[in-house]
Amino acid sequence: MNIVFMGTPDFATPVLERLIAEHNVVSVYTKAPSQSGRGFELKKTPVHLIAEKNGIPVKTPTTLKDEVAQKEFATMGADAAVVAAYGLILPQAVIEAFKFGCLNVHASLLPRWRGAAPIQRAIEAGDETSGVTIMQIVSKLDAGKMYAKKAMPITNETTGGSLHDALAKIGADLMSDVLKNIHDIEPVAQDENLATYAKKLEKDEEKLDFNMSAAYLERKIRAFNPYPATYFEHQGERFKVLRAKVVEKTGKAGEILEGKNALIIACKEGALEVLEIQRQGKRAMATSELLRGFCFEQNTFVGA
RNA sequence: CGCGGGAUAGAGCAGCCCGGUAGCUCGUCAGGCUCAUAACCUGAAGGUCGUUGGUUCAAAUCCUUCUCCCGCAA
């Protein structure tokens, strides 16, 4: 099958690699290289790099709304477009430009968690299951008919990173299956009454608010690991928290109950023992390692 | 050239501002104590202080080259 691929971040690369292996990827669309990272170097997207490595033409339009961009699709003779975390809105004209339409890989079991950050929101909310949905793109966000779904459990060990990687692989498999059987699958509509939205992660969410319960904060820490990661501030320094567990202790919210042999911080309900931490300028390490040479003063407060 | 922090024993840190014998906590090893232990006591090994050059009687410390790591920001 001749396919146009559209995607941007790491989540999209397993899907693209699978398509390259199994189909004829005629063109790849991704976001333009942008100044990012230390030194503001111009960085190509992960999808961009994979495409280049495989000698596939890459296009990086800033919008697909103009007619020039849309006419390109007509001349490619592609049967379908596969979209994975592309980051641009597809206008109706693009959606209709392909025989099989535009197929999207979404990292949740739709209609739950439509939107930008389904992986993190599922963990944060305490869902016991996550998964991948392959659906048809329609003008309404993540609301198209579904071809296939595959679930996977969320455990106490699941982090945003681990779930992301697992779902990306599942997504690649599932998309492969759907494309193979596209003639035989009748897509089913989503139940609009069950739809929820996963709003994108905001900067101010990264700061841990110890006025929340320990159980919630623990989930959030896992959801935000490794990116964008949560943190607290203590005596002018910022400490990223990568892993923690809930412990049965009480104190005023944000109070350091133990700072020498372990780091335990009181929350509104319960307390958190920080297990993996990253001091600014340093790499992430087990809290026990940091505490060999560093000490948090007991009974001082962190956070706000 | 977006802003900033860091590199010191196997690990984590202090020392640097104000140059003058290389420190702390832990780990390792040996011995001791104990019914016993991740506990306790005694002792030991382990460092060209990331790299280059300079200043100086003297550099972990001040200036400089490069490499690597990280935070912010996007």
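Remember, predicted model here, so these are calculated numbers, not experimental data. (Residues numbered from 1 in each chain as written. Chains lettered and ligands numbered in written order. Predicted model: local features only at pLDDT ≥ 70, side-chain atom pairs only at ≥ 80, totals over all residues. Heavy atoms only, no water.)

## Quick word on the packing of aromatic side chains
All chains considered together, the criterion is met by 8 aromatic pairs. Residues Phe239 and Phe294 carry aromatic rings whose centres are separated by 5.8 Å and whose planes lie at 55 degrees to one another, so their mutual orientation is tilted. Of the two residues, Phe239 sits in strand 13 (residues 237-247) while Phe294 sits in the segment after helix 8 (287-290), which places them 55 residues apart along the sequence. This pair shows no difference in class: Phe239 is buried, exactly as Phe294 is. Within the aromatic cluster, the residues linked to one another by ring pairs are Phe210, Phe232, Phe239, Phe294 and Phe296. The ring of Phe224 carries Lys220 above its face, with NZ or CZ at 5.7 Å from the centroid. Above the plane of the ring of Tyr231 lies Arg238, whose end atom (NZ or CZ) is 3.9 Å from the centre. (Phe/Tyr/Trp six-rings, centres within 6.5 Å; stacked < 30°, edge-to-face > 60°. Helix = DSSP H or I, 4+ residues; strand = E, 2+ residues; numbered from the N terminus. Buried < 20%, exposed > 50% of the residue type's maximum accessible area, 1.4 Å probe, protein only. Lys NZ or Arg CZ within 6 Å of the ring centre and 35° of its normal.)

## Here's the deal with the sheet that holds strand 7 (residues 102-106)
Spatially, 5-2-1-6-7-9-10 is the arrangement adopted by the 7 strands of the open sheet, whose pairing is mixed. Of all strands in the sheet, those bounded by a partner on one side alone are strand 5 (58-59) and strand 10 (146-153). (Pairing = 2+ DSSP bridges.)

## A short note on the pattern of salt bridges
Counted by the stated rule, this structure contains 13 salt bridges. A salt bridge links Glu205 to Arg121; its shortest N-O distance comes to 2.9 Å. Of the two residues, Glu205 is situated in the loop between strand 11 (197-198) and helix 7 (214-223) and Arg121 in helix 5 (residues 118-125); the sequence distance between them amounts to 84 residues. The residues Glu205 and Arg121 share a single accessibility class, namely buried. One connected set of salt bridges, linked through shared partners, spans Arg18, Glu22 and Asp173. (Salt bridge = Lys/Arg side-chain N within 4 Å of Asp/Glu carboxyl O.)

## Focus: the domain arrangement of chain A
Domain boundaries assigned for chain A yield domain 1 (2-198) and domain 2 (203-290). Distance between the C-alpha centres of domain 1 and domain 2: 33 Å. Across the boundary between the two partners, domain 1 contributes 13 residues, which contact 10 residues of domain 2. Both sides of the domain 1 and domain 2 interface together cover about 880 Å² of buried area, and 48% of this is carbon and sulfur. In this assembly, domain 1 and domain 2 are joined by 1 salt bridge. At the boundary of domain 1 with domain 2, the tally comes to 9 residue pairs in polar contact (both at pLDDT 80 or more). Counting only elements with at least two residues in the side of domain 1 that touches domain 2, the list comes to helix 5 and helix 6 (160-180). Tallying contributions element by element places helix 5 first for the side of domain 1 that touches domain 2, with 5 residues. Considered class by class, the residues forming the side of domain 1 that touches domain 2 number 2 nonpolar, 8 polar and 3 charged. (Domains from an automatic or database assignment. Contact = heavy atoms within 4.5 Å. Buried area = accessible area lost by both parts, 1.4 Å probe. Polar contact = N/O pair within 3.5 Å; in protein donor to acceptor, adjacent residues only side chain to side chain. Nonpolar A, V, L, I, M, F, W, Y, C, P; charged D, E, K, R; others polar.)

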